[in-house]
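# Chains, contacts and geometry: an overview
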Amino acid sequence: KPMQSSDFIQSMNEKEHPVILVEGIRALPEVDRPVVIACGVWLARTFPHAIFRTGNADGTDTAFAKGIGQVDSTRLQYVLPYTGHKKKNIAPGASFCAMTEMSESVEEQAVQAAVSASPGCASLMNNRMRIPSLAAKARYLMRDTVKVIGSLDHGLAPADAGLFFVNSVDPMKGGTGHTMRVCGLFGVTVVTQDQWRQWLE
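Described in the following lines is the structure provided in the data block. (Residues numbered from 1 in each chain as written. Predicted model: local features only at pLDDT ≥ 70, side-chain atom pairs only at ≥ 80, totals over all residues. Heavy atoms only, no water.)

### So, helix H7 (residues 174-185)
A rise of 1.5 Å per residue sets the reference length of H7, with its twelve residues, at 16 Å; its end C-alpha atoms lie 17 Å apart and thus fit the reference within 8%. Turning to H7, its buried residues number three or more, namely Thr176, Gly177, His178, Thr179, Met180, Val182 and Cys183. At its buried positions, H7 is contacted by strand E1 (19-24), helix H4 (104-117), helix H6 (132-149), strand E5 (161-165) and strand E6 (189-192). (Helix = DSSP H or I, 4+ residues; strand = E, 2+ residues; numbered from the N terminus. Expected span 1.5 Å × (residues − 1). Buried < 20%, exposed > 50% of the residue type's maximum accessible area, 1.4 Å probe, protein only. Contact = heavy atoms within 4.5 Å.)

What follows is the structure, given as C-alpha cells:
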C-alpha cells in the first residue's frame, strides 16, 4: 500500500537526526522540476532535524537540493564520486565527501553491498583496479552505495529513507535503480514520486 505522509513523518520523527536521501534520474523532465523543488522545500520544513543526502548529479539531485537549500542548505550532505565533482552545484554551507577520500575498508564494504544489490556489476567492481575506465564507472556505483550504507570514518550515518524521482517506464534502471536496490537490501524506506507527490497536495 502507498505510504501516507503521516506514517512517513512519524517514522522520521522517531529518530534524532534522520538521514533522508533525495535523488533520482538525470533526465528530469522540465515540467516536473518545480514539484521536485517543492518537495525539497516541504522536506526541509517538515523535518528540521534531518540531514538530506544527495549525489550531486544533474537533474533530480540538483532540483531536490535547490528546494532544501531555500530552507537550510547547511543540512545538505553530498556524497561525490571524486573530489571537486560538479563543485559549482554544491550549496553554500553544505557538507560533502568524495569516494576518492574513502578508506579501503569503506570501499570494500561499498563493493560488497553494490554487488549484492546489483550482481551485474560484479565484473566491473572486480576489474576496476586494472582498467582505469572501469575505475571511474565503479566510483559512481560505490558513491550510490555509500549514500545508503554510510561511512562511519566520514561521519556518514546510514540512510533512514530515500525519496526518489524515477523513470516511470523503467524505475529500476541506472544509478537510481541501483540505489533503490541497495535501500531494499538494507531495509531503507523507499518512496517514489507516485507517492510523495500526493504528500504535497
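Structure shown, so let's carry the discussion forward.
### Notes on the sheet that holds E5
The strand order across the open sheet formed by six strands is E4-E3-E2-E1-E5-E6, and the pairing between neighbours is parallel. At either end of the open sheet lies a strand with only one pairing partner, and these are strand E4 (95-98) and E6. Along the sheet, successive strands turn relative to each other by an average axial angle of 20°, direction set aside. Two elements, E5 and E6, share four bridges in a ladder whose sense is parallel. By the bridge assignment for E6, Gly162 is matched with Val190. Packing against the sheet, helix H1 (residues 5-13) makes contact with E1, E5 and E6, and its axis sits at approximately 140° to E5. With respect to the sheet, helix H2 (residues 33-46) is in contact with E1, strand E2 (51-54) and E5, its orientation differing from that of E5 by roughly 160°. (Pairing = 2+ DSSP bridges. Axes fitted to C-alpha atoms, helices over the stretch in contact; angles between N-to-C directions.)

### Remarks on helix H3 (residues 60-72)
The end-to-end C-alpha distance of H3 is 18 Å, a good match for the 18 Å that 13 residues give at a rise of 1.5 Å each. By the burial criterion, the buried members of H3 are Thr60, Asp61, Thr62, Ala63, Phe64, Ala65, Gly67 and Ile68. Contact partners of the buried residues in H3: E1, H2, E2, strand E3 (76-80), E5 and helix H8 (193-199).

### Looking at the packing of H6 against H7
At their nearest, the axes of H6 and H7 sit 9 Å apart, and the two run at 35° to each other. Handedness of the crossing formed by H6 with H7: right-handed. Across the interface between the two elements, Leu141, Asp144, Thr145, Lys147, Val148 and Ile149 of H6 pack against Gly175, His178, Thr179, Val182 and Cys183 of H7. A class-by-class count of the residues in the contact of H6 with H7 yields five nonpolar, four polar and two charged. (Left-handed = near helix turned anticlockwise from the far one by under 90°. Nonpolar A, V, L, I, M, F, W, Y, C, P; charged D, E, K, R; others polar.)

### Comments concerning the layout of surface pockets
Its volume calculated, the largest pocket comes out at about 360 Å³. Taken together, 17 residues line the largest pocket, and the ones lying closest to its centre are Arg26, Asp144, Gly174, Gly175 and Thr176. A total of six residues in the lining of the largest pocket trace back to one element, the largest contributor, which is H6. Of the residues that constitute the lining of the largest pocket, the class distribution is five nonpolar, four polar and eight charged. (1 Å grid on protein atoms, 1.4 Å probe; cavity = no way out; pocket = protein on both sides within 12 Å on 5 of 7 lines; lining within 4 Å. Points joined across faces, edges and corners; volume = space filled by probe spheres on them.)

### Some thoughts on the nonpolar core
Ranked by size, the top nonpolar core spans 33 residues in total, and within it Phe8, Ile20, Leu43, Phe47, Phe52, Leu163 and Trp196 carry the most contacts. Going through the elements one at a time, H1, E1, H2, H3, E3, E5 and H8 are the ones with two or more residues in this core. It is H2 that provides the largest number of residues to this core, a total of seven residues. With residues near it in sequence (within four places) discarded, Leu43 still touches Phe8, Val22, Phe52, Phe64 and Leu163. (Core = buried A, V, L, I, M, F, W, Y, C linked by side-chain atoms within 4.5 Å.)

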